[in-house]
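Reading the structure
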Amino acid sequence: LIVIALLIVRQMAARRLRFTLHFRDRIFLIVLGIALVPLVVVTYVTRDLLAERAQVEQQDRLSRDASVIKDRITRKIELASQASERTGSDKNDLQSDVEYLSQVIGRDFSVYDAFGRLRASSRPELYESSLLSATLNSAAVEEVILGKRSFFTEPVEIGSETYDVGYQPVTSAGGDKLLAVLALATMDEKPQIEAEIARTTSFIYSTFAALGLILLGIGALFAARVAKPILELI
């Protein structure tokens, strides 16, 4: 852009605001456009591919963490459900287990009962401040509870930010009874993913900028070599 602006300024100054390009300048701009347009396209395509790959990897991590949490908490939920039927109170015990597993695995998550009501969460302040609803959203109910999907992800807005939340059903040992629904958040991962994409994209931009400078030199040399014999002939 700087080179093109300088060419325009030079031409306008030389021709008193009448814009015309010399033959050499035309060749240079053509070579520059042919070289730079693919670089710009590849840059944007590469960034989109990086974002898509990061999204897929995030989904895989969510699914793996959901399976680990499900295996570790199924028995606790069964015991808590039995205790709830007897005493009507099990949230405190389940809450401590959820907080412990969240620290061990390094993932925030919440536990809803089979009717979509919140039972415990590693981030209870989000629900106490009404940033998140204490009931399971309709899409998760339809896909996990009614549709009986083994795993389901959905974007959720918290304030001005949007995060992915993965939902995993917790069933009894025989698989015939739904005990709870796990909701795993990616709030802590989004800044890391964006930073990784930014680092990779910065490296790509730097590489393409260096290639662009090299192409500028090649284009100027090529234009001069092509235009010189024609100018001599003229």
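It should be emphasised that the depicted structure is a prediction, and the values quoted were computed from it without experimental measurement.

Our focus in this paragraph is the overall build of the protein chain. Along its length, the protein chain carries six helices and five strands. Starting at the N terminus, the α and β elements of the protein chain follow one another as α-α-α-β-β-α-α-β-β-β-α. Within the span of the protein chain, comprising 234 residues, buried residues form 35% of the whole. Nonlocal contacts in the protein chain, meaning residues at least 24 apart in sequence, comprise 56% of its contacts between residues at least 6 apart. Within the structure as shown, the protein chain displays about 14700 Å² of accessible surface, and the carbon and sulfur contribution to it stands at 59%.

All right, on to the pairing of strand β4 (residues 161–171) then. Taking burial as the measure, the 11 residues of β4 include eight buried ones, the bulk of the element. Pairing analysis gives seven bridges linking strand β3 (residues 152–158) to β4, with the strands arranged antiparallel. Bridge pairing in β4 places E157 opposite T162. With seven bridges connecting them, β4 and strand β5 (residues 178–185) associate as antiparallel partners. Residue Q168 lies in a different strand from β5, and its bridge partner there is L182.

Time to look at the confidence of the model for the protein chain. Averaged over every residue, the pLDDT of the protein chain is 77; the share at 70 or more is 85%. Of all the helices and strands in the protein chain, helix α1 (residues 2–14) carries the lowest mean pLDDT, 72, while strand β1 (residues 109–113) carries the highest, 87.

A cluster of nonpolar residues, F23, I230, L231 and I234, forms a patch on the protein surface that exposes about 420 Å² of accessible area. With respect to the helices and strands, I230 occurs in helix α6 (residues 190–233). The exposure class assigned to I230 is partly exposed, which follows from its relative accessible area of 34%.

Another aspect to go through is the sheet that holds β5. As summarised here, the arrangement of the five strands in space is β2-β1-β5-β4-β3, forming an open sheet in which the pairing is antiparallel. The outermost strands of the open sheet, each flanked by one partner alone, are β2 (118–121) and β3. Along the sheet, successive strands turn relative to each other by an average axial angle of 25 degrees, direction set aside. Its contacts with the sheet put helix α5 (residues 138–146) on β3, β4 and β5, and the angle it makes with β3 is roughly 160 degrees.

On to the environment of R47, then. With respect to the element layout, R47 can be found in helix α2 (residues 23–87). Under the relative-accessibility criterion, R47 is labelled partly exposed at 36%. For R47 and T200, which are 153 residues apart along the polypeptide, the C-alpha to C-alpha distance reads 8.5 Å.

Scoring rules and cut-offs
- Residues numbered from 1 in each chain as written.
- Predicted model: local features only at pLDDT ≥ 70, side-chain atom pairs only at ≥ 80, totals over all residues.
- Heavy atoms only, no water.
- Helix = DSSP H or I, 4+ residues; strand = E, 2+ residues; numbered from the N terminus.
- Buried < 20%, exposed > 50% of the residue type's maximum accessible area, 1.4 Å probe, protein only.
- Contact = heavy atoms within 4.5 Å.
- Areas by Shrake-Rupley, 256 points an atom, 1.4 Å probe, with all protein chains shown as cover.
- Pairing = 2+ DSSP bridges.
- pLDDT = per-residue confidence, 0-100.
- Patch = residues over 30% accessible without salt bridge, like charges linked within 9 Å, V, L, I, M, F, W, Y side chains within 5 Å.
- Salt bridge = Lys/Arg side-chain N within 4 Å of Asp/Glu carboxyl O.
- Axes fitted to C-alpha atoms, helices over the stretch in contact; angles between N-to-C directions.

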